[in-house]
Structure formats: structure tokens, C-alpha cells
Amino acid sequence: MLVGRSALETRLTAAVLIVGGGPCGLMLANELGRRGVSAILVDEKPGTAFNPQANATQARSMEHYRRLGFADEIRREGLPADYPTDVAYFTRYTGYELARFALPSSSRASELVKGLSGSWSAAELPHRVSQKYVEAVLRRHAERLPGIQLNYCHRLIGYAESDDGVVGEIECLDDNSRFQVRADFLVGADGPRSQVRQSLGIVYGGETGTQRDFMGGRMLAVYVRSPEFYASIPHAKAWMYNCFNGDRRAFMASVNGRDEFAFHTQLRPGEDESAITVSEAKAAFQRACGAPIACEVLSFLTWTAGHALVANAMQRGRVFLGGDAAHLFTPTGGLGYNTAIEDAVNLGWKLASVVKGVSPAALLDSYEVERRPVALRNTDYARRFADSLGLFAPAPEIEDATDAGGEARRIAGVYLEQHARAEFNIPGITFGGRYDGSPIIVSDGSQPPPDAANVYVPSACPGGRAPHVWLDDGVSLYDLFGFEWTLLQFGDVTSSHAPLGETARALGVDVKLITLPKSLRDLYEADLALIRPDQIVAWRGSASQAGTIGRVLARALGHGAGDGARLAS
């Protein structure tokens, strides 16, 4: 995969070369650009996604969008503000309704979030929005940042890595011209067939080829426009429409709440994916509807469900993997795209810290240590949801207008409602990913709460998401955090801000000190808490440990204990 020294006339320079312009690559460009770190992104596609792709943005991703200042913009995208985000199950869309898990509209979610506590104590709630809209927002904001160059219709031909950096050879697909990019680091966010991952000789491990009655094997995805859909079905609107029968199982997400839908169905034995036509894609949609509802096929493609794969490594030397290049999900739970966003968040602040000379290169070793276990955890949760849905088969009589049919629908409805609550009410998965064992997390010996999909217990045990609270003035605690590092103190713990300021200056890092009322101390169970740029608790301690903050901060930045003691002195 290496390129030799060439006579190409043009050579561009950036701190980071990003290969892949999907959610992971675009989020990384935003994280770097906001920190004044230059990046050049290349992607073979002509622009951001046309097809809807992922359809659910989890609350944690929304909190990161809030941190970057555009959560409200994303919440305005996709469905109308008053559109319900229910998950509903039908024999066919014009047939019997089996179950419904009611969820709030985006406007209602914005109202509810300030009154929630416990598992859903958060700055943001989930948003049901197609990835095509999210990518467009991420692109607009990245393009506005100085030092960020986005190059669609460009592909990586190859690269050479040395002790000094990486030189990538790029081809413009419009005119076949080539140029070189010299960067300190390269990030492969180039999807499941990642050229970058293959160049490193890194392979996926895990489970693939799983066959299920549904969500296992070859799937047909159809992006469809149907202005008559809502008027043609005798049911309340939903965000997710599931079709449950023995003939044509499917799920379908509302894209814009008016006339566009992302329809996915399992290909049945004997269906030749290479021979599928527009007419057959249209017929598959209408068969799930149970009526010849007029529609226009905007695009269609096939894909494979049944993956729970994680790359055996996520970094090697100056090259890193993120998003689908590092892990591949079956989309139950909507975890793939959201895991990719957190990859970018984790890697972004670390790359910036190393590029700026604040941290040694050793800090970057923590990326794989922290993110790979989370990828393994999340792919396992997605696999369990796929098993729950795909291995539950409809009774043969489920569509019959008989007593036996009614009983089959009742049994299916009870099961599917339970499944919907398990798959779509997942604060534990959303907020509970942890970085225990990371070399840059300073443990206090406490144990985190048990990991559970549907329950999240806020905890400031170092290594997890900082507990959130809405303050008395209606302000989110997260909105007070600094963009880089934050030190929370509950009451006037530090007698003077000067020692912290001196330590921060010595390390060349920005630390914001926030004093909170002592009444909030129980939330963190400590007098002090150091919060990383990604809103993860790096350390917490008592007032008597205030003098160790310098050493703690140095370690959290990737310096050895000895360096931390020297810098703190």
C-alpha cells in the first residue's frame, strides 16, 4: 500500500489526513477544526449521503452535538417538530396493528428533558433523524472552520508512513489529477471495506454470516417516496414501521414525515439480489403495505445483516481506524453510527493535544485501549437485539380474521412491545460506555454500577460519563463545562485558583474551574472532579487531595507519573 517518492507537483500539508467523509470523518474534522488543528478529508463520494442510512441519533451523540453548538440545528432536521417518534408493529402497514411503543416528538423531547432524572438525566434526548441530514449539518460546520479542507470525489491511492509523518497520494476523480498530502497522522474512517484497514493488515473479528428469519442475511434497502402512504393506512403515524408476517418481514423509518421512507426487507430464499429491478423494489414495499399504494423508488441497494464485527486493532503507528472501518453492526438499536461519533470525539481531542505539543505521542495509545472494548460491548448489544427480533417468528395464522389469528396477534403484540422497550429505551447503552483500565484514567478504587442496556445509574466513578444535572436556573451543567478540561469543585475547596492556573500554564492546557453548590456534591460523591474534553470523569478526589491535581492532570494528558510530579512542582 506504500507509495514511493513521486514527481507530483502539488503537495498539501495538514496535521491530520482523514480518509472517509461519513459521520466519523466529518465529526473528527469538526473536533480538530474547533481546536485549531488542520485536517484534509478525502472521500470518493460526490458529497454527503443521498440515501437515509442510519435513522437514530442517540442522546449521547446529541450531547456531543450540543457541546459543538449545533444540537438544535440537528434537532430541526428530519421529521417535523410535532411528529411522533413511535415504534409500531403491524401484520402489514394497512393490516392489523400489533404493538406500539409511544415516544415523544422532537419538540416534546426538548420540553421533557429538563424534568427527567435517574436513567434519563441528560442534556439531550434522542432524535430520530436520518444520517443524510446529520452529515449535511456536520459538513456545513466543518467547512466553516479554518484549516479544514473537505475533498469529495477524491480517493486515497496509497500512503507512506515514516518517523516524520504520513504522505498520502490522492486522486481527484473528476479529472484523474493527483497530489500528495503530508500529514502527521492518518485516520481511516472509510467504511467496512476500509482501504486503510486492509493496508495495515488488520482484520475484523467477531460474528458474521448469522442467519435469522429477519435481520440476518441479505437485505433490500429501498429509498421510497409515497405521498399517499399516510392517507392509505388506518393507523396513527409512527417513526418506525415494522412489518411482521410470514411472507414479507420489513422495517421502515419515516425520513421527512411527509412522503419519504427508508424501507428495508429481508430477501427470501430464491430471490436473486443481482436481478432486482425498480419494479421489484416497488413491489416489495407494496407487499409490506398490503395494498398497491402509489410510490416512487428513489434508490435501492442490498446489504447484509448479521454482523457483529470489531477490528482486531484500531491503531498502528501514525494510522488510526474509526467508524465502520473499525466495527460493523447489524443496525438494531441504532448503535453503529453513534459508536462512530464517539470514536471521533475520543480521538479528536487526543490528536489535537499531541499535535499542539501538550501531550506526548503516547497519549494516542489510549484510543484503542478505550474505544475497542466499547465497540465489542456495543456490537454485542446490537446482536442481542437482532436475535430478539429476528428469531421471533410470526405464527402462520397471524393475518387471519379468525379467533386463532386474533390470539396469534395478541401473543405477538405482547412480545413485540417488550422487545421495543428493550431496543429503543436504552439509556444504559447510550450513557454507560466506560473506559475502565485506561492508562489516562485515575481510579479511586470504586466500582462502577453494573452495565445494563435499559437502566443507567449516573456515577462519577472515574472512566465514565460525567453525571449531568439541570441547575436551578435551568442551565445544563454541561453548558458550563470548558471546551477542553474542566475542574469541578463543590463549595470553595481550593483556597486559591493560582495553583491550578500555574499547573495548567506549565502543561500548556486550558482548564476551566467551576464552583458548584455543596448541595450537588452527592452527585459526584467527591469534593473535586476533573472532566476531560469528551465529558468523561478522569479523576475525582477529596479536598485534601487538591494539591495532587497537577500530577493527575499530567497523567490524564498522557504524561508519565514522573513528568506529572515535575510539571506540578
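For the structure itself, consult the block above.
Residues numbered from 1 in each chain as written. Predicted model: local features only at pLDDT ≥ 70, side-chain atom pairs only at ≥ 80, totals over all residues. Heavy atoms only, no water.

A closer look at the overall build of the chain
Put simply, the rule is: Elements are defined by DSSP. Helices are runs of H or I of four residues or more, strands are runs of E of two residues or more, and each kind is numbered from the N terminus. This radius of gyration counts C-alpha atoms alone. The globule rule is 2.2 Å times how many residues there are, raised to the power 0.38. Burial classes: relative accessible area under 20% of the type maximum marks a residue as buried, over 50% as exposed, and values in between as partly exposed (1.4 Å probe, protein chains only). In what follows, residue pairs with any heavy atoms lying within 4.5 Å of each other are defined as contacts. To be clear on the numbers: accessible area is Shrake-Rupley with a 1.4 Å probe, and residue cover counts the displayed protein chains and nothing else.
Of regular secondary structure, the chain possesses 17 helices and 22 strands. Scaling as 2.2 N^0.38, a compact globule of 569 residues should have a C-alpha radius of gyration of about 25 Å, and the chain matches this with 25 Å. The C-alpha extent of the chain, read off along each of the three principal axes, is 80 × 65 × 35 Å. Put simply, the chain has 569 residues, and 60% of those count as buried. Pairs at least 24 apart in sequence give 74% of the contacts found in the chain among residues at least 6 apart. Carbon together with sulfur atoms contributes 50% to the accessible area of the chain, which is approximately 21700 Å² in total.

Overview of empty space enclosed by the protein
We apply this condition: For cavity detection a 1 Å grid was placed over the protein atoms alone, and a set of points counts as a cavity when a 1.4 Å probe fits there but cannot get out; an open set counts as a pocket when protein lies on both sides within 12 Å along at least five of seven lines, with lining residues being those that have an atom within 4 Å of a point. Grid points are joined across faces, edges and corners, and a volume is the space filled by probe spheres set on the points.
Summed over the entire model, instances satisfying the criterion amount to 4 cavities of 30 Å³ or more. Roughly 200 Å³ of internal volume is contained in the largest cavity. For the largest cavity, the lining is made up of 19 residues, of which Arg 60, Glu 342, Asn 378, Ile 429 and Thr 430 are closest to its centre. Going through the elements one at a time, helix H2 (59-68), helix H9 (335-355), helix H10 (365-390) and helix H12 (427-431) are the ones with two or more residues in the lining of the largest cavity.

Examining the packing of H9 against H10
Short version of the rule: Interaxial angle, 0 to 180 degrees, is taken between N-to-C directions of lines fitted to C-alpha atoms, where a helix line uses only the stretch in contact. Should an angle fall under 35 degrees it is taken as roughly parallel, and over 145 as roughly antiparallel, whereas 65 to 115 is taken as roughly perpendicular and any remaining angle as oblique. Side-chain classes follow a simple rule in which Ala, Val, Leu, Ile, Met, Phe, Trp, Tyr, Cys and Pro form the nonpolar group, Asp, Glu, Lys and Arg form the charged group, and the remainder, Gly included, forms the polar group.
Relative to each other, H9 and H10 sit at 170°, their axes nearing to 11 Å. With respect to their mutual orientation, H9 and H10 come out roughly antiparallel. Taking contact as the criterion, the partners of Leu 335, Thr 339, Glu 342, Asp 343, Asn 346, Leu 347 and Lys 350 in H9 are, on H10, Ser 366, Tyr 367, Glu 370, Arg 371, Asn 378, Tyr 381 and Ala 382. In terms of residue class, the contact of H9 with H10 is built from 5 nonpolar, 4 polar and 5 charged.

Things to note about the sheet that holds strand E15 (residues 308-311)
Here is the rule we go by: One requirement defines pairing of two strands: DSSP has to find at least two bridges between them.
Read across the open sheet, the 3 strands follow the order E9-E15-E18; overall the sheet is antiparallel. Among the strands making up the open sheet, the edge pair consists of strand E9 (204-207) and strand E18 (327-329). For this sheet the average axis-to-axis angle between neighbouring strands, irrespective of direction, equals 15°.

Quick word on the side chain of His 327
Filter applied, for reference: Pairs of N or O atoms are called polar contacts if they sit within 3.5 Å, as long as, within protein, a hydrogen donor faces a hydrogen acceptor (for residues adjacent in sequence, only side-chain-to-side-chain pairs).
Assignment of secondary structure puts His 327 in strand E18. Of note is the side chain of His 327, whose polar atom sits 2.6 Å from the side chain of Asp 343. Residues contacting His 327, with those up to four places away along its chain left out, are Tyr 204, Leu 309, Val 310, Gly 336, Thr 339, Ala 340, Asp 343 and Ala 375.

Things to note about the side chain of Ser 121
Among the secondary structure elements, Ser 121 is positioned in the loop between helix H4 (106-112) and helix H5 (131-143). Taking the relative accessible area as the measure of exposure, Ser 121 reaches 11% and is therefore buried. Those residues in contact with Ser 121 that lie beyond four places of it in its chain are Leu 116, Arg 465, His 468 and Val 469.

As for the packing of aromatic side chains
The geometry of an aromatic ring pair comes down to the distance between the two centres and the angle between the two planes. Worth spelling out the cut-off: Geometry of aromatic contacts follows a simple scheme: Phe, Tyr and Trp rings, the Trp one being its six-membered ring, pair when their centres are within 6.5 Å, and the pair is stacked under 30 degrees between planes, edge-to-face over 60, tilted otherwise. The rule is short: NZ of Lys or CZ of Arg within 6 Å of the ring centre and within 35 degrees of the ring normal puts a charge over the ring.
Tallying each qualifying case throughout the model produces 24 aromatic pairs. Taking 5.3 Å as the distance between ring centres and 90° as the angle between the ring planes, the aromatic pair formed by Phe 229 and Tyr 241 counts as edge-to-face. Taken as a pair, Phe 229 in helix H7 (residues 229-232) and Tyr 241 in strand E11 (residues 240-243) lie far apart in primary sequence, 12 residues in all. Both residues of the pair, Phe 229 and Tyr 241, belong to the buried class. When the ring of Phe 244 is compared with that of Phe 392, the centres are 5.4 Å apart and the planes differ by 10°; the resulting orientation is stacked. Here Phe 392 lies in the loop between H10 and helix H11 (403-424) and Phe 244 lies in the loop between E11 and strand E12 (250-254), a separation of 148 residues in the sequence. The burial state of Phe 244 is the same as that of Phe 392; both residues are buried. Put simply, the rings of Tyr 83, Phe 90, Tyr 93, Phe 229, Tyr 230, Tyr 241, Phe 261, Phe 263 and Phe 285 pair up and form one aromatic cluster. The ring of Phe 50 carries Lys 132 above its face, with NZ or CZ at 5.3 Å from the centroid. The ring of Tyr 204 has Arg 197 sitting right over it, with the charged end atom 4.0 Å from the ring centre.

Brief notes about the environment of Tyr 524
Examined against the element boundaries, Tyr 524 turns out to sit in helix H15 (residues 521-524). The sequence separation of Tyr 524 and Val 369 amounts to 155 residues, and the corresponding C-alpha distance is 25 Å. Not counting residues up to four positions away in its chain, the partners in contact with Tyr 524 are Ala 460, Ala 466, Pro 467, Leu 477, Phe 481, Leu 488, Phe 490, Ala 529, Ile 531, Val 537 and Arg 540. There is a polar contact of 2.7 Å between the side chain of Tyr 524 and the backbone oxygen of Pro 467.

Examining unusual backbone geometry
Of note in this structure, Cys 153 is not a glycine but carries a positive phi near 60°. Mapped onto the elements of the fold, Cys 153 is located in the loop between strand E5 (148-152) and strand E6 (154-162). Phi angles above zero are rare outside glycine, and Asn 176 is one such case at about 65°. As for its position among the elements, Asn 176 is in the loop between strand E7 (165-172) and strand E8 (178-188). Exposure remark for Asn 176: the relative accessible area of 52% places this residue in the exposed category.

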